[in-house]
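Inside the fold
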Amino acid sequence: MEQIGEVYQGLPEADAASAVVIASNYGEAGAVDRYGDAWGLPEVYSGHNHLRHYGPPPETATVVVTVGIPLPRVEGFFEDCEAAATLDNGIGVDNEEQGRTVGVCRGPVEAWGELWPHFQHYS
């Protein structure tokens with residue numbers, strides 16, 4: 001959570017005001033939902049399993065902090081994407097999230113209603 005919070009808090013004020021978090025899976029989304037308030041994180045969305053029904057983000061979301069999503073998978077959906085941090089639980093426990101990317105993507109190239117189906121996945 002620390003890496004996600006630091007990325008979000010490091011955004012320029014205008015970017016932070018129009019940002020959402022998109023998590024790769026329900027575990028990451030649940031962690032952001034549960035602990036994100038301590039970092040001032042915005043609303044979290046995920047296309048994983050049933051969570052996809054809670055999206056898409058609002059059209060005002062022009063900046064996305066991605067959690068655990070490989071950037072090559074989403075780069076074509078935004079004008080710009082960059083890796084901003086790497087998830088690290090700080091205790092050396094290998095799990096699904098350890099070492100995954102926290103990214104920042106700006107400028108969705110289509111409306112969220114058009115983009116959201118590309119984020120949907122089951123596992």
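Structure's up top.
Residues numbered from 1 in each chain as written. Predicted model: local features only at pLDDT ≥ 70, side-chain atom pairs only at ≥ 80, totals over all residues. Heavy atoms only, no water.

1. What to know about the state of the cysteines
Here is the rule we go by: When two cysteine sulfur atoms lie within 2.5 Å, the pair is treated as a disulfide. Strands here mean DSSP runs of E at least two residues long; helices mean DSSP runs of H or I at least four residues long; both are numbered from the N terminus. When accessible area is computed with a 1.4 Å probe and restricted to protein chains, residues below 20% of their type maximum are described as buried, those above 50% as exposed, and intermediate ones as partly exposed.
Under the defined criterion, the tally for this structure stands at 1 disulfide. With a sulfur-sulfur separation of 2.2 Å, Cys81 is cross-linked through a disulfide to Cys105. Sign of the S-S torsion, about 115° for the bond between Cys81 and Cys105, identifies this disulfide as right-handed. On the criterion of sequence distance, the pair formed by Cys81 in strand β4 (residues 78–86) and Cys105 in strand β5 (residues 101–108) is long-range, its members being 24 residues apart. With a relative accessible area of 0%, Cys105 lands in the buried category.

2. A word on the side chain of Glu28
To keep it simple, the criterion reads: In this description, contact between two residues means that some pair of their heavy atoms is separated by no more than 4.5 Å.
Following the sequence through the fold, Glu28 ends up in helix α3 (residues 26–35). For Glu28, a relative accessible area of 4% puts it in the buried group. If near-sequence neighbours (up to four positions away) are discounted, Glu28 is found in contact with Ala23, Val67, Gly68, Glu97 and Arg100.

3. Points about the pattern of salt bridges
Inclusion rule: Within this document, salt bridges are pairs made up of a side-chain nitrogen of Lys or Arg and a carboxyl oxygen of Asp or Glu, the two lying within 4 Å of each other.
On inspection of all chains with the given rule, the structure shows 3 salt bridges. As a salt-bridge pair, Glu28 and Arg100 come within 3.5 Å of each other at their nearest N and O atoms. Taken together, the residues Glu28 in helix α3 and Arg100 in the loop between β4 and β5 connect sequence positions 72 residues apart. Arg100 gets classed as partly exposed once you look at its relative accessible area, which sits at 23%. Between Arg106 and Glu82 there is a salt bridge whose closest N-O contact spans 3.3 Å. On the criterion of sequence distance, the pair formed by Arg106 in strand β5 and Glu82 in strand β4 is long-range, its members being 24 residues apart. For Arg106, a relative accessible area of 24% gives the class partly exposed. Note on Glu82: relative accessible area 38%, which makes it partly exposed. A network of salt bridges, in which partner residues are shared, links Asp15, Glu82 and Arg106.

4. Re the sheet that holds strand β1 (residues 19–23)
For sheets, the rule is that strands pair by backbone hydrogen bonds, running either parallel or antiparallel. Convention followed: Between any two strands, pairing holds if DSSP finds at least two bridges. Interaxial angles span 0 to 180 degrees and are taken between N-to-C directions of axes, which are lines fitted to C-alpha atoms, for helices over the stretch in contact.
Spatially, the 5 strands line up as an open sheet ordered β2-β1-β3-β5-β4, and their pairing is mixed. With one partner strand each, in any of the chains shown, β2 (44–46) and β4 form the two edges of the open sheet. Between one strand axis and the next, the sheet turns through 25° on average, direction left out of account. Pairing analysis gives 5 bridges linking β1 to strand β3 (residues 63–67), with the strands arranged parallel. Looking at β3, one finds that Ala19 is bridged to Val63. Strands β1, β3, β4 and β5 of the sheet are contacted by helix α1 (residues 2–9), whose axis makes an angle of about 135° with β4. Taken strand by strand, α3 contacts β1, β2 and β3, and its axis lies near 170° from that of β2.

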